[in-house]
Amino acid sequence: MATRIWRGGRIATLDAGTGVVDDGAVVADGGRIAWVGATADLPPGLMAGAEITELEGRLVTPGLIDCHTHLVFGGDRSREWGMRLAGESYEAIARAGGGIVSSVAATRAASEEALVAAALPRLDSLIADGVTTVEIKSGYGLTLEDELKMLKVARRLGTLRPVRVRTTLLAAHTVPPEHRETRAAYVAEIIDRILPAAAEAGLADAVDAFCETIAFTPDETRAVFTAARALGLPVKLHADQLTDGGGAALVCDFEGLSADHLEHASEAGLSAMAAAGVVAVLLPGAYYVLREHQKPPVEAMRRLGVTMAVASDCNPGTSPVASLRLAMHLACTLFGLTPDEALAGATVHAARALGLQDVTGQLKSGLACDLAIWDCDRPEALVYWLGRHPACRTVLGGVDA
Ligand code: DI6
Ligand code: FE
């Protein structure tokens, strides 16, 4: 691969030491960043034979990283959303065949091809909005076969589009209907069969669980995490979304990558996260769609030094959001993040939430040359618009997407 140079742009490196370089340049060699700095300081030795792209003042950020999505699922829950708006209760919707279990039924019934076809438009929407890395969870299969099917689909999406995919096994998303009276047997199934099979097939980069009164208890979550760690897989957790179940502290006991949602997280939980370096992933799309009132404790996170990421939580039930930029906007308007915090949350901090901090998320030497090149000149403008976005081109590993 020839050396490539992008020059004459506003380079938001997200590297604390370098900051934003006005009239800057990025040099890539072999798909990795070889140099970042002022255009005027470009080393002449690097320029010989290089392919040069003039940025004409455009803003360049690291390619965005959506570190929490449920992008792969069968069916659609728009009818249910209509019922919720009309005042129907969650129970009534579940009785009418809706809720998460309806996504499980539709996902089980779908072929790999059908799931790929359904997910591609959502993935394309993320990419058009600047995403170069996306995490995709299973969790709508809930059998060995169907969980592996979802993870295979997620991996395949990464071969069909110019995007880096990280997969997360979320077999502990909800207790499937056939195990309603035998939940211990389902937890055992996850530990004894689903986790080892996903690990053996190399289909899971991490393991997640939904620790909540309506999903899995802290003890069940601990059992799943113990098994995941024994297989060498890192963990992350849907924690303290609807109630304080102690999830924030729990994930720290397993050296987790992230605790996600956290609307009801306690001060003690946040302190544990700060000490353990666990990233808080804020998911304002779900807060907004569920019309929640309790916001995540952003002020306490800042005070305690908890690192904050932002993600779309793209899912059919609680966050039908296929734009990370929109999630960044909501994180600012609803949770009070600054646009700079939102951008860090969708780049450098999101990389950490996936364990990819040595791979991507910043513009600095040695990392992959993953870029988002925007038709605007300042980070605020990325987050500002609803319903449109500044035109964007992405580059993955030095190659135009
Ligand atoms: N938290 C949520 O809000 C969603 N999953 C999760 O772990 C709900 C997903 C769905 O309703 O399909
Ligand atoms: Fe989620």
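None of the values given here were measured: they were computed from a predicted structure.

Trainee: Sorry if this is basic, but what is going on with the overall build of the protein chain here?
Mentor: Helix and strand content of the protein chain: 16 helices and 16 strands. Expected size for 401 residues packed as a compact globule is a radius of gyration near 21 Å; at 21 Å, the protein chain falls within 12% of this value. Each principal axis of the C-alpha atoms in the protein chain carries an extent, and together these give about 70 × 45 × 40 Å. Of all 401 residues assigned to the protein chain, the portion counted as buried reaches 56%. Here the analysis covers contacts within the protein chain between residues at least 6 apart in sequence; of these, 70% occur between residues at least 24 apart.

Trainee: I tried to follow the packing of helix α6 (residues 144–160) against helix α7 (residues 183–200) on my own but got confused; where do I start?
Mentor: Helix packing for two helices is described by the angle between their axes and how far apart those axes are. One way to put it is that α6 packs onto α7 with a least axis distance of 10 Å and a crossing angle of 35°. Helix-helix and strand crossings are classified by hand; for α6 and α7 the assignment is right-handed. Every residue of α7 that contacts α6 at L144, E147, L148 and L151 is listed here: E189, R193, I194, A197 and A198. Residues that form the contact of α6 with α7 fall into these classes: six nonpolar, no polar and three charged.

Trainee: Please explain the coordination of the iron ion (ligand 2) as it appears in this structure.
Mentor: Between any two of four tetrahedral donors, the ideal angle at the metal is 109.5 degrees; between two of six octahedral donors, it is 90 or 180 degrees. The protein atoms that coordinate the iron ion (ligand 2) are H68 (NE2), H70 (NE2), H238 (NE2) and D313 (OD), at distances spanning 2.1 to 2.3 Å. Note that the iron ion (ligand 2) binds four donor atoms; their angles at the metal cover 81 to 164°, and the shape is irregular.

Trainee: What is the right way to look at helix α8 (residues 218–230) in this model?
Mentor: What sets the pattern is the α-helix's 3.6 residues per turn: residues three or four places apart point alike. Look at α8: 18 Å from first C-alpha to last across 13 residues, which is about the 18 Å you get at 1.5 Å a residue. Elements that come into contact with the buried residues of α8 comprise α7, β9 (206–211), β10 (235–239) and α9 (247–252). Of the residues trailing α8, G232 is marked for its positive phi of about 85°.

The rules behind each value
Residues numbered from 1 in each chain as written. Chains lettered and ligands numbered in written order. Predicted model: local features only at pLDDT ≥ 70, side-chain atom pairs only at ≥ 80, totals over all residues. Heavy atoms only, no water. Helix = DSSP H or I, 4+ residues; strand = E, 2+ residues; numbered from the N terminus. Rg over C-alpha atoms; globule rule 2.2 N^0.38 Å. Buried < 20%, exposed > 50% of the residue type's maximum accessible area, 1.4 Å probe, protein only. Contact = heavy atoms within 4.5 Å. Axes fitted to C-alpha atoms, helices over the stretch in contact; angles between N-to-C directions. Left-handed = near helix turned anticlockwise from the far one by under 90°. Nonpolar A, V, L, I, M, F, W, Y, C, P; charged D, E, K, R; others polar. Donors = N, O, S within 2.8 Å, 3.2 Å for Na, K, Ca; no water. Tetrahedral: all angles 85-135°; square planar, octahedral: opposite > 155°, others 65-115°. Expected span 1.5 Å × (residues − 1).

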